[in-house]
Amino acid sequence: METINEPNHPTDYRIAKLMDGSLVMGTISVDEQHMRIENPLELTTIPRMTEFGLKEDTTLSKWIPFTSDKEFVVTKDKVVVISLATVELAHFYEVVLNKMQVDAKNARPPLTPEDIDRILDIAEEMDSEFMRDDEPHDMIGGHTIESKTVH
């Protein structure tokens, strides 16, 4: 297989189809044993029915969520094919990637264990106030209204 060097231009994005069927897009370079991908986003096609028939929407989302890593290395035996993305897809990729980066900068800091404990304590207090022992309860913790039948 031919070695792909670093792209000549940042918009020289490539798409890789992996053995598991996923399609990932990003800045890709390949050496003899590995594929390196920066800022990978996964392409997912979602079919939906319209009044004109079946239509497919393509979305881009984080390939591996819950990480701040920007670069990943995949062994070449997990890669089926690599191709150059179209100009239109490259522009869509940049829009989505920029939005994700802006959202990440504006995100709230993660909750600390103390924050989580405090939230759970407040939830418990609210539950205990909501559930009084002198009232009938249904099986999921709500209150029931006793009905009286009048004949």
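About the criteria used
- Residues numbered from 1 in each chain as written.
- Predicted model: local features only at pLDDT ≥ 70, side-chain atom pairs only at ≥ 80, totals over all residues.
- Heavy atoms only, no water.
- Phe/Tyr/Trp six-rings, centres within 6.5 Å; stacked < 30°, edge-to-face > 60°.
- Helix = DSSP H or I, 4+ residues; strand = E, 2+ residues; numbered from the N terminus.
- Buried < 20%, exposed > 50% of the residue type's maximum accessible area, 1.4 Å probe, protein only.
- Contact = heavy atoms within 4.5 Å.
- Patch = residues over 30% accessible without salt bridge, like charges linked within 9 Å, V, L, I, M, F, W, Y side chains within 5 Å.
- Areas by Shrake-Rupley, 256 points an atom, 1.4 Å probe, with all protein chains shown as cover.
- Salt bridge = Lys/Arg side-chain N within 4 Å of Asp/Glu carboxyl O.
- Lys, Arg positive; Asp, Glu negative; His and termini not counted.
- Charge placed at Lys NZ, Arg CZ, Asp CG, Glu CD.
- Pairing = 2+ DSSP bridges.

(A) Examining the packing of aromatic side chains more closely. Considering all chains together, one arrives at two aromatic pairs under this definition. Each ring, one from Tyr 13 and one from Tyr 93, has its centre 4.4 Å from the other, and the planes form 50 degrees; the classification is tilted. Of this pair, Tyr 13 sits in the segment before β1 (14-18) while Tyr 93 sits in helix α1 (residues 87-106), placing them 80 residues apart in sequence. Each member of the pair, Tyr 13 together with Tyr 93, is buried. Their ring planes at 80 degrees and their centres at 5.6 Å tell us that Trp 63 and Phe 72 sit as a pair that is edge-to-face. We note that Trp 63, like Phe 72, is buried.

(B) Expanded view of the environment of Lys 70. Among the structural elements, Lys 70 can be located in the loop between β4 (53-62) and β5 (71-75). Once the C-alpha coordinates of Lys 70 and Asn 39 are considered, the two residues, 31 residues apart in sequence, prove to be 5.0 Å apart. Setting aside residues up to four positions removed in sequence, Lys 70 forms contacts with Ile 37, Glu 38, Asn 39 and Pro 40.

(C) Geometry of a negative patch on the surface. Taken together, the side chains of Glu 114, Asp 117, Asp 121, Glu 124, Glu 125, Asp 127 and Glu 129 define an acidic patch exposed on the protein surface. Tracing the backbone through its elements, the reader meets Glu 124 in helix α2 (residues 113-130). The exposure class of Glu 124 is exposed, given its relative accessible area of 57%.

(D) Spotlight on the pattern of salt bridges. Across all of its chains, the model carries five salt bridges by this definition. In this structure, Arg 48 engages Asp 57 in a salt bridge whose closest nitrogen and oxygen atoms are separated by 2.5 Å. By relative accessible area, which is 23% here, Asp 57 ends up partly exposed. One salt bridge connects Arg 118 with Asp 115, and the closest N-O pair in it is separated by 3.3 Å. Separated by three residues within a single helix, Arg 118 and Asp 115 lie in helix α2, roughly one turn from each other. Assessed through its relative accessible area of 22%, Asp 115 is described here as partly exposed. Each member of the salt-bridge network shares a partner with another, and the members are Arg 48, Lys 55 and Asp 57.

(E) Expanded view of the pairing of β4. For strand β3 (residues 34-50) and β4, the ladder comprises 10 bridges, and the chain directions are antiparallel. Looking at the pairing, Met 49 lines up with Leu 54 of β4. In this antiparallel pair of consecutive strands, β3 and β4, the connection spans two residues.

(F) Layout of the pairing of strand β2 (residues 23-30). In terms of residue burial, β2 counts as a mostly covered element, since seven of its eight residues are buried. As paired elements, β1 and β2 share four bridges and run antiparallel to each other. Across the sheet, the residue bridging to Arg 14 is Gly 26, located in β2. Counting the residues that bridge the hairpin from β1 to β2 gives four residues, and of these Gly 21 lies at a positive phi of roughly 95 degrees. Connecting the antiparallel pair β2 and β3 is a turn made up of three residues.

(G) Structural detail: the environment of Leu 54. One can find Leu 54 in strand β4. Residue classification places Leu 54 among the exposed residues on the basis of a relative accessible area of 61%. Look past the residues within four positions of Leu 54 in its chain and what remains in contact with it is Pro 47, Arg 48 and Met 49.

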